[in-house]
Amino acid sequence: GLQLFALVPHRASLSILFSMVPYARVGHATHIVRAVAMLALLAMASGFYLPGVAPRKYRYGEKMMVKVNTMTSEMTPLQFDYYNIDFCQPPGGEVELSENLGEVLAGERTETSAYMLHANVTRLCKVACRKKWTKKSVKEFRDFAGANFRANMRLDNLPGAELVVFRDQNGEEFVSYRLGYPIAEQSGTNASRLYINNHLRITIRYHDVNTQGTRLERIEEPGALIVGFELKAMSVKHKWSGMWNDTCARDNTCQLLTCDPQTGVVPGTDPLRLQNKKDMQVVFTYDVIWVHSDVKWASRWDVYLQMQWQDDEIHWFSIVNSSVILIFLSGMVGMIMLRILRKDLYKYNQLETSEEAREEAREETGWKLISGDVFRPPKNAALLAVFVGSGVQVLGMTVCTIGFAVLGFLSPSNRGSLLITMLLLFVLMGFPAGYVSAVFCKMFKGAGTDRLRNTLLTATLFPGIIFGMFFVLNLMLWGDASTGAVPFSTLIALLLFWFGLSLPLVFFGSFLGFRRDPIEPPVRTNPIPRQVPEQVWYMQTLPSVMMAGVLPFGVVFVELFFILSSIWQHRFYYLFGFMGLVLLILVVTCAEITIVMCYFQLCSEDYHWWWRAYFTAGTSAVYFFLYAGYYVFTRMGVM
């Protein structure tokens, strides 16, 4: 558990101070005074926890409620509200609980449920409610069950998970967890025959905190810390004696013939089959079982982060694969820099001062022929400056986000923290984006650049494109009634973030960038542009950048698979150390492949390298996009 004790209590401060007095010397009075001042500050503070990670102890018999989340499926990226199906509702109806901005953007909705329990009290065959489903309700349930939707729950901020047994490629069995529980089960012989999972077994694993007889007895109360929340759903065709009374669910007095409050579900009970185009009655029941566990509260998330047992091996394979590509490119760059360029520069410096010798050398090495044109401003120089500034903004956000995640500040228990951090860092990185864009704009002086236009484009072009795509997708989600649709009020909040915080930061950075001295090229640019000779087909812009973009994509495509799985299949991603290492390799790979391709281009006497250098590494984004589309269409069943 990430617990930060800021300072010590007042009484402890005094005891430390008095323990120092007998050992203090007269000459150390100054140190005593400093200690007194420091401890006085210590006494004014108190301990605190990082948000979302503070433990919560429950007293015996304390009333608790299981919260329900959105329904998810690995067959579709869409999420839907739990009560889109006519499930049991708590007394007074469901209440949507407050969520932070990150949860809303992620499409998560948390609501109250009818599943009530008491701390450390085991109960079996408790009735949640009886529902009368119409033909419409039956059809809606069939649609969700056919898409393999799973209902998600939370207790003490811990997601409910189903214990399942998998087999690997060698036939060996291993135990893992899957988030939520299936709302229905399909028949093994007939996929169209569905059985409603109307009985839920809730297993709560707890760790006792008993401070009796210890020094913490006076300051910490005993209780139970929840360290595990398991769900097991089954289908039971309930039968009862006499007339059904809806108040028995509240009083726990329902007389079920298929479920014994002492032993649980009666063995051999038939499952509840989903009818086809018929009204039906469904009785929802649940068991609550409390099991003592030796797992510490600090380790209760380990089972969720170890759901994908093979990830570590594949991640290490990805790192080795990326390292091989990096070593290959580093060797090429080293060969160019240490052998070719060094040799050419040595010859150039040793030449005689005669004009004939200089002309002879220029014809031998093509890259020296364009020294007077290589720093000529490119076409659409202002747009290039905007793109570079936006790239700095995205890169800064990515590096800082992964850095915070590696340090452990973005705990999965603090839901929505990752998206909030990314959004906030993107807004704050508007300052370096405006600064870098202004520096490049000033360097391209006289190339059609305008300060105000440059600053406005830096602040609005890339964020505007992203917001426009986000808005169109949000309209589609609204049409599908998915919880992933962001409310209108949240869109207003995002616009306020953009124009109220990001835009002023971009203008401030741009102001400082235009105030500094411009970057001067090391050589003078010729007044008349040199004609570029005809290039072979593979050195032209499109073929060269498309070939170069393959290597950066090859560095990260394995890690990209896990990132997409985390996003679309609602899994936890926690290997941020691997992600940080892959990001470092990606940045170095992009830099090296750009150096190599620029050198080959300059040797071909083509000095239009500005945009080519930008797209050499940037074209890898095209492969990222194509792979993401391939993943969605093949893994998610999107047609």
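Remember, it's a predicted structure, so these values are computed and weren't measured experimentally.

## Details of the overall build of the protein
Looking only at helices and strands, the protein has 18 helices and 22 strands in total. Looking at the protein as a whole, 43% of its 639 residues are labelled buried. Put simply, of all contacts in the protein between residues at least 6 apart along the chain, 78% involve residues at least 24 apart. Of the accessible surface of the protein, which amounts to about 35300 Å², a share of 62% is contributed by carbon and sulfur atoms.

## Concerning the environment of W297
Note that W297 resides in the loop between β22 (280–292) and α6 (302–305). The buried category is assigned to W297, whose relative accessible area is 13%. Spatially, the C-alpha atom of W297 lies 9.9 Å from that of A54, the residues being 243 residues apart in sequence.

## A look at the pattern of salt bridges
Tallying each qualifying case throughout the model produces twelve salt bridges. Taking the shortest distance from any N to any O, the salt bridge between D156 and R300 comes out at 2.9 Å. With D156 in the loop between β11 (153–155) and β12 (158–159) and R300 in the loop between β22 and α6, this residue pair connects regions lying 144 residues apart in the sequence. No difference in accessibility class separates D156 from R300, as the two residues are buried. E230 is the salt-bridge partner of R205, the closest N and O atoms lying 2.8 Å from each other. Here R205 is found in strand β18 (residues 199–209), whereas its partner E230 is found in strand β19 (residues 223–234), with 25 residues between them in sequence. For R205, a relative accessible area of 28% gives the class partly exposed.

## Points about the packing of aromatic side chains
A complete count under the given rule lists 32 aromatic pairs for this structure. Ring centres of F553 and F557 lie 6.0 Å apart, and the angle between their planes is 35°; this geometry places the pair in the tilted category. One end of the pair, F553, and the other, F557, are both in helix α15 (residues 550–568), four residues apart, so they sit about a helical turn from each other. Clustering of aromatic rings is evident, with ring pairs tying together Y82, Y83, F87, W133, F141 and F284.

## So, the state of the cysteines
Where two cysteines share a covalent bond between their sulfur atoms, that bond is called a disulfide. According to the stated counting rule, one finds two disulfides in the structure shown. Here C88 pairs with C129 through a disulfide, and the sulfurs are 1.8 Å apart. Given an S-S torsion of about -85°, the disulfide between C88 and C129 has left-handed geometry. Highlighted residues: C88 in the loop between β7 (76–80) and α3 (101–105) and C129 in strand β9 (residues 123–133), separated in sequence by 41 residues. For C88, a relative accessible area of 3% translates into the label buried.

## Description of the pairing of β22
Two strands pair when backbone bridges link them, and β9 and β22 are joined in this way by eight bridges, in the antiparallel orientation. Within the sheet, the bridge partner assigned to K132 lies in β22 and is Q281. Where β18 meets β22, eight bridges bridge the pair, whose relative direction is parallel. What sits directly across from R201, in β22, is D287.

Definitions and limits used
Residues numbered from 1 in each chain as written. Predicted model: local features only at pLDDT ≥ 70, side-chain atom pairs only at ≥ 80, totals over all residues. Heavy atoms only, no water. Helix = DSSP H or I, 4+ residues; strand = E, 2+ residues; numbered from the N terminus. Buried < 20%, exposed > 50% of the residue type's maximum accessible area, 1.4 Å probe, protein only. Contact = heavy atoms within 4.5 Å. Areas by Shrake-Rupley, 256 points an atom, 1.4 Å probe, with all protein chains shown as cover. Salt bridge = Lys/Arg side-chain N within 4 Å of Asp/Glu carboxyl O. Phe/Tyr/Trp six-rings, centres within 6.5 Å; stacked < 30°, edge-to-face > 60°. Disulfide = S-S within 2.5 Å. Pairing = 2+ DSSP bridges.

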